[in-house]
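Close look at the chain arrangement
The primary structure of each chain is shown beneath.
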Amino acid sequence: MPELKDSKIAIIGLGYVGLPLAFAFSEKYPVIGYDINSNRISELNNGIDSTNEIKDFSQMGNLQLTDELEKIINCNIFIVTVPTPVDQYKQPDLSLIKSASEMIGKIISKGSFVIFESTVFPGATEEICLPIIEDISGLKLNEDFFAGYSPERINPGDETRGVKDIKKVTSGSSKDAASFIDNLYSSIITAGTFMASSIKVAEAAKVIENTQRDLNIALMNELSIIFDRLRIDTNDVLEAASTKWNFLKFQPGLVGGHCIGVDPYYLTHKAQAVGYNPEIILAGRRLNDEMPSLAALRLVKLMIKKELQIVGARILILGITFKENCPDTRNSKVLDLVLELQSYGAFVDVLDPICNAESIQSNPNINLIGSAEKNTYDAIILAVPHKVFLNDGIDWINSLLKQVSIFFDLKGIFPKDSSNLRL
């Protein structure tokens, strides 16, 4: 086993996970951040981070950023943080993590470590990724090189909890490897670490974190449907119920993004592969995927009651990213909400000053505007409560509405009497 002080780290994939991790490790070790996207590397080297996770590039003494593979050949620790999405059929897409494994197999040397952080189903590291590295490199796991899995726990848009402030789960391909990897992360994670009993346990822990959240939100969404039919305000019910010490106050809402809306499919894929159909998890996923159409229908019904013309109506959606204070639009369910409203014949504008505009401008169905005019809209939906919208306040929102109109405060952010509709 190498000494920690001799660690030369390569971070492969510089997105929401890899970039903050590279900065954290570079405080103690020489680090090279690698990404195949040359435009991303160019922006980062010019102090621009489109994810908004890194705002201060002044502390880069031990960090280099590159798109050249030969620059990481001399590293002895490779940490993989590439995306693991699902395809159009909701099946795991492991193409990027497989490519990263192939690349490592071409350059890894004896005594090196490979640590995966990308979300996968239990068994993927040992059954898919490590055999690729062995086949290409000719090296044997736990003889010539070592491996581990430490699931990412980045919370995009969270300004109070960075990578070092969240406890880290670690694991290794052998007892000694697990100990080395745990010590490596312990040296930078101030919140501490937890050494899992195996790589599979660490993989499973990651996918159930977000599966649990997905199911809890699905329950709240189903309750909101029931309470709407009972003409009860869901937020009022949750406020009352949360007075009990052990009630978990989740909120109804749109569930998208590259974690909660994706990770459960990795677990269900593996469950089905071993002959079990995970009914509860898939039911929660189906319900959450239906929420954009249900939210649109609820708005349309209220418009009919208020005798507002639906065909040709002007509707403004505030926020299109998958969560507040985050520029990422991947798998955002607000996109589905836009399409649903357009299917009723409404004209929909989207205002989101912090979103990654390039990812939206290529979508011909999304009319992303830079500012909104007063007294213009028949309805406004606060879909993503970015701080900038909350700072502008309810008076600003009301100024954009026509005299007879609807404000749909989707997540119930403002006081109840400020809006006509909430989930």
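One can find the structure itself at the top, above this paragraph.
Residues numbered from 1 in each chain as written. Predicted model: local features only at pLDDT ≥ 70, side-chain atom pairs only at ≥ 80, totals over all residues. Heavy atoms only, no water.

A short note on the layout of surface pockets
It is the rolling of a water-molecule-sized probe over the atoms that shows where space remains empty. Rules: A 1.4 Å probe that fits into a set of points on a 1 Å grid over the protein atoms alone but cannot get out defines a cavity; an open set with protein on both sides within 12 Å along at least five of seven lines defines a pocket, and lining residues are those with an atom within 4 Å of a point. Grid points are joined across faces, edges and corners, and a volume is the space filled by probe spheres set on the points. Each helix is a run of H or I in the DSSP string that is no shorter than four residues. Each strand is a run of E no shorter than two, and both are numbered from the N terminus. Amino acids outside the nonpolar list (Ala, Val, Leu, Ile, Met, Phe, Trp, Tyr, Cys, Pro) and the charged list (Asp, Glu, Lys, Arg) are all regarded as polar, and Gly is one of them.
Within this model, the largest pocket holds a volume of roughly 1300 Å³. What lines the largest pocket is a set of 46 residues, and nearest its centre among them are Gly 15, Tyr 16, Asp 35, Pro 83 and Arg 330. Among the elements of the structure, α2 (38–45), α3 (95–107) and α11 (357–361) are those that each provide at least two residues to the lining of the largest pocket. Element by element, the count of residues in the lining of the largest pocket is highest for α3, at four residues. A class-by-class count of the residues in the lining of the largest pocket yields 17 nonpolar, 20 polar and nine charged. By volume, the second largest pocket amounts to about 1100 Å³. What lines the second largest pocket is a set of 38 residues, among which Asn 155, Asn 210, Arg 213, Ile 260 and Lys 323 lie closest to the centre. Put simply, the parts of the chain that give the lining of the second largest pocket at least two residues each are α6 (199–229) and α10 (333–343). Sort the elements by how many residues they give to the lining of the second largest pocket and α6 lands first, with five residues. Here the lining of the second largest pocket is composed, by residue class, of 16 nonpolar, 11 polar and 11 charged.

Focus: the sheet that holds strand β9 (residues 314–318)
Quick note on the threshold: Two strands pair under a simple rule: DSSP has to find at least two bridges between them. Whether two residues are in contact is decided by their heavy atoms, any of which lying within 4.5 Å being enough. Between N-to-C directions, angles cover 0 to 180 degrees, with each direction set by a line fitted to C-alpha atoms, over the stretch in contact for helices.
Taken together, the five strands give an open sheet; going across it, the order is β11-β10-β9-β12-β13, and neighbouring strands pair in parallel fashion. Sheet topology places β11 (368–369) and β13 (401–409) at the edges, where each strand pairs with a single neighbour. Sheet analysis places β9 next to strand β12 (residues 377–382), joined by four bridges and oriented parallel. Counterpart to Ile 315 in the pairing with β12 is Ala 379. Here helix α9 (residues 279–305) sits on the sheet and contacts β9, β12 and β13; the angle it forms with β13, its principal contact strand, is near 150 degrees.

Overview of empty space enclosed by the protein
Enumeration over the complete set of coordinates arrives at one cavity of 30 Å³ or more. Looking at the lining of the largest cavity, its residues break down into five nonpolar, no polar and four charged.

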